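Analysis of the macromolecular model
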Amino acid sequence: MKVLVAVKRVIDYNVKVRVKPDNSDVDLANVKMALNPFCEIAVEEAVRLKESGAASEVVVVSIGPKACQEQIRTALALGADRGIQIETEELPESLNVAKLLAKVVEEEQPGLVILGKQSIDADNNQTGQMLGALLNRPQGTFASEVKIDGDSVNVTREVDGGLQTLNLKLPAIVTTDLRLNEPRYAKLPDIMKAKRKPLDVKTPADLGVELKNHTRLLKVSAPAERQAGIRVASVDELIDKLKNEAKVL
Amino acid sequence: MSDYKHPHQDAEFVLNELVGFDDLCAANGFDDINFELASAILTEAGKLGSEVLAPLNVIGDNQGVKLTERGVEETAGFKEAYQQFAEGGWSSLIADEEYEGQGLPNVLCTAVNEIWQSANMAFALCPLLTQGAVEAIAHHGSEELKQTYLPKMVSGEWTGTMNLTEPDAGTDLAAIKTRAIPNGDHYLITGQKIFITWGDHQMTDNTIHLVLARLPDAPAGVKGISLFVVPKFLLDAEGNPGVRNDVKCVSVEHKLGIHASPTCVMSYGDKEGAIGYLVGEANKGLAYMFTMMNCARQGVGLQGVAIAERSYQQALDYAKERLQGTNKDGSRFAIIKFPDVRRMLMQMKSATEAMRALAFVGAAEVDRAGRAQDEADQRRHQARLELLTPIVKGWITELSQEITYLGTQVNGGMGFIEETGSAQHYRDARILTIYEGTTGIQALDLVGRKTLLNKGEALAELLAEIEETVVALSKHEGFAEQGAALREALEAGNNARNWLLENAAQDPAAAGAVSVHFMMLFGYLCGGWLMGQSALRAQTLLDAGEGDPEYLKAKLVTAQFFSEHLLPRTKASLETILKGSASIMALSEDQF
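Residues numbered from 1 in each chain as written. Chains lettered and ligands numbered in written order. Predicted model: local features only at pLDDT ≥ 70, side-chain atom pairs only at ≥ 80, totals over all residues. Heavy atoms only, no water.

On to the overall build of chain B, then. From N to C terminus, chain B includes 20 helices and 14 strands. Against the 2.2 N^0.38 benchmark of 25 Å for 592 residues, chain B shows a C-alpha radius of gyration of 24 Å, consistent with a compact globule. Viewed in the frame of its principal axes, chain B has a C-alpha envelope of about 75 × 60 × 60 Å. Counting all 592 residues of chain B, 58% fall into the buried class. Counting only contacts in chain B whose residues sit at least 6 apart along the sequence, the fraction spanning at least 24 positions is 74%. Split by element, the accessible area of chain B, about 24,000 Å² in all, is 51% carbon and sulfur. For chain B, the distance from the average position of its 49 positive side-chain charges to the average position of its 78 negative side-chain charges is 5 Å. (Helix = DSSP H or I, 4+ residues; strand = E, 2+ residues; numbered from the N terminus. Rg over C-alpha atoms; globule rule 2.2 N^0.38 Å. Buried < 20%, exposed > 50% of the residue type's maximum accessible area, 1.4 Å probe, protein only. Contact = heavy atoms within 4.5 Å. Areas by Shrake-Rupley, 256 points an atom, 1.4 Å probe, with all protein chains shown as cover. Lys, Arg positive; Asp, Glu negative; His and termini not counted. Charge placed at Lys NZ, Arg CZ, Asp CG, Glu CD.)

Here's what the structure looks like:
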């Protein structure tokens, strides 16, 4: 079984995010970028499936400018077999991503597609679901356990109030939650080998997809700085402030 | 306890802008290696360093090591961390591909090593010593020794140690007494070695000791010392560790710092004699050790960079968090707003960046000298490597004392309390000016073998190169003051060199008396030279709209600070040098 993993290049979670002076977007110029943590978990799960014999090949795909090859190489260093970059200038919105991935799935015919449940930059949490709908395939989102069982997969999901286990018929779509696994550290020889693993570059046109944005980014602003606390003299004063200043009562 | 984050931006700036990493790889036959790969390697090493090794640093300091019936028990958690380190292939960075190494450039290994040394210096000494042992066997051992020991040492499955020092033979290795008696295809080794770093532990199945000893018919002095491989466990027919050899750790030292690094007293041949195998030819042991000296000494210099960086990060975090000032409106502010705290942090930052620049530039000379295409090139780079090595070791480790001192100072009273972690860095740094040749030995090496022996030629070449940077700075409107300051420092360097060449012959005490000032002068001068280059490169990048402007603008200020606050120290050194040995040597021993 082939496993396809979609990965995204995002701002490194250690970096303090800065907003551009004109509030048009987050400032990503010369900022350290990294593999989205949920995507890293997806890669790890796919590699474990391969190591356990449940999967035969792990293909990793990323969408973006040439720089996103760095993240594909990181995934290859973690154990993926080959990479596909879909070259786009800008980072397309989720529906475009899902459409591009759907075309890759049609070409590659993987038994399982694993994605992070969301990227830490946009926090949309929708690409996996859209992909499932476009392909008309079963989806198991927020997975905290994935077990291949013959021609189906059991996915344990973290839902409000507990765990839910679904049995999905393969081919299927899985999105990863934080507790699915703990990604490994890349080994030095694998980082070296990753350079030589195949990496195909395609364009949206190659895949017959026209990118269309349905949303417009109006403004980005930094969260308000937290104000220093104050000490109140009495419970009455506290209630008064909660009612009239904070307006929470 | 303090976190550690690899300063990847600065490391990458030095590799790209000062070392010229891609050109170095292309010109020296590192075909598949480029900066992109180096960056990926540094990123992944940075994760392992911050997340696995760094949290163990304070635990190792608190718990230390124990000598039990099994031998030395390392700090709990170190074994698992070591296995993760070895399985990740990180001990194979530099070794030849023939022995399953990755064959990466020394300068990249140096950049990666900074991460291990910052994250956990006591831990990182183990792979550092193993690397030294690997190099000794790889360069001088027979094919059989190489095939038998190297693959598992390179993979990190076995560790290595260096056994030189004895109770009466420290700096003066000619006094070595450990004996080696020929016995069939091997030798029987008897004697005691002290200060053996990671001499014993339970992290791996075997430890391979490299031991200096004398053969029965050996000439007296340094020309009668041979080098032997002595495994902790003798190998069986399949090459696996089998019977225990007659060598054991009999005591571990209680130390000021690096508590988690076991410093062992090793006893060889308490029973029938420890079985050892000769490396290379008899009586050439010390010469073999000297071939590794540049790398080993530069490695300790790098530890100075690493501990300074860790101390700076800790102090910076504290300075941003510690509220000790009150604004007019009654709100409080952190101590980083105080000018004197700023002065200390800037001193730490600018010195550490200059030290990193010099450590990497020195490490790159190992690659350039080792792989030079023609003889003239080889000689030039070898001379530069040998000249820079005592400065890298001596100046950087001396300055690391001041940086870790300031780190504690920034913490105020809390710096004196162990919980903040600052005190550990201060204590751990203290060994660096001592082992692998004290500061005094480095300084003697610089004035003697590296200057007087070649009539100051190697220094003259360096000074000429620094002059180029002076000219480039002076031409640039924004850097005129830095150019002038570097010129003054350069003149101090020239004057010190000339004074030494003129006075060393008449006054036998002159060279030794001025040597440390001489070395420090050239350290600050090299620091100013590389910070000047950094400023020029940063400005070029800024003008071209490339790179991270926040980082590059900070580099400009850091270079300016170095020029204003640290570079003037060259003038004070010169003034002292010009006074020679008179007041140093005037007292009789009884007058002390």
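Formed by 200 residues in total, the largest nonpolar core has its most connected members in Ile 41, Trp 90, Trp 116, Leu 345, Phe 360 and Trp 395 of chain B. Excluding anything up to four places from it in sequence, Trp 116 of chain B contacts Ala 45, Leu 48, Gly 49, Leu 53, Phe 85, Trp 90, Met 121 and Ala 124 of chain B. Of all hydrophobic cores here, the second largest spans 21 residues; its members include Val 61, Val 97, Leu 100 and Leu 101 of chain A. (Core = buried A, V, L, I, M, F, W, Y, C linked by side-chain atoms within 4.5 Å.)

Here we take up the packing of helix H15 (residues 457-475) of chain B against helix H16 (residues 480-503) of chain B. Residue and element names in this part refer to chain B. Contact geometry for H15 and H16: axes closest at 8 Å, N-to-C directions at 165°. Comparing the axis directions of H15 and H16 gives the class roughly antiparallel. Along this stretch, H15 crosses H16, giving a crossing that reads as left-handed. Counting all contacts with H15, which are made through Leu 459, Ala 460, Leu 463, Ile 466, Glu 467, Thr 469, Val 470, Leu 473 and Ser 474, the residues of H16 involved are Ala 480, Gln 482, Gly 483, Leu 486, Arg 487, Leu 490, Gly 493, Asn 494 and Arg 497. Each residue belonging to the contact of H15 with H16 can be placed in one class, and the counts come to nine nonpolar, six polar and three charged. (Axes fitted to C-alpha atoms, helices over the stretch in contact; angles between N-to-C directions. Parallel < 35°, antiparallel > 145°, perpendicular 65-115°, else oblique. Left-handed = near helix turned anticlockwise from the far one by under 90°. Nonpolar A, V, L, I, M, F, W, Y, C, P; charged D, E, K, R; others polar.)

Another point: the packing of helix H6 (residues 106-119) of chain B against helix H10 (residues 293-321) of chain B. Residue and element names in this part refer to chain B. Between H6 and H10, the least distance of the axes is 8 Å, while the angle of their chain directions is 50°. On the basis of the axis angle, H6 is oblique to H10. Crossing angle aside, the handedness with which H6 passes H10 is right-handed. For the pair H6 and H10, contact is made by Thr 110, Asn 113, Glu 114, Gln 117, Ser 118 and Ala 119 and by Leu 302, Gln 303, Val 305, Ala 306, Glu 309 and Arg 310, respectively. Among the residues making up the contact of H6 with H10, the classes are represented as four nonpolar, five polar and three charged.

Let us look at the interface of chain B and chain A. Opposite the 26 residues of chain B that make contact, chain A presents 16 residues. Both faces combined, the contact of chain B with chain A buries some 1,800 Å², and carbon together with sulfur accounts for 58% of it. At the junction of chain B with chain A, the criterion picks out two salt bridges. Note that Lys 47 of chain B and Glu 40 of chain A form a salt bridge whose closest N and O atoms lie 4.0 Å from each other. At the junction of chain B and chain A, the tally comes to five residue pairs in polar contact (both at pLDDT 80 or more). Among the residues making up the side of chain B that touches chain A, the classes are represented as ten nonpolar, eight polar and eight charged. (Buried area = accessible area lost by both parts, 1.4 Å probe. Salt bridge = Lys/Arg side-chain N within 4 Å of Asp/Glu carboxyl O. Polar contact = N/O pair within 3.5 Å; in protein donor to acceptor, adjacent residues only side chain to side chain.)

Residues and elements named next belong to chain A. Within strand E8 (residues 152-159), six of the eight residues are buried, which leaves it mostly tucked inside the rest of the structure. In terms of strand pairing, strand E7 (residues 139-149) meets E8 through six bridges, oriented antiparallel. Looking across to E8, one finds that Val 146 is bridged to Val 155. As consecutive antiparallel partners, E7 and E8 are separated by two residues, and within that stretch Gly 150 has a phi angle of approximately 65°, a positive value. By the bridge criterion, eight bridges tie E8 to strand E9 (residues 162-169) in an arrangement that is antiparallel. The residue bridging Val 159 from the neighbouring strand is Gly 162, located in E9. Counted along the chain from E8 to the antiparallel partner E9, the turn is two residues long, and its residue Gly 161 has a positive phi close to 80°. (Pairing = 2+ DSSP bridges.)

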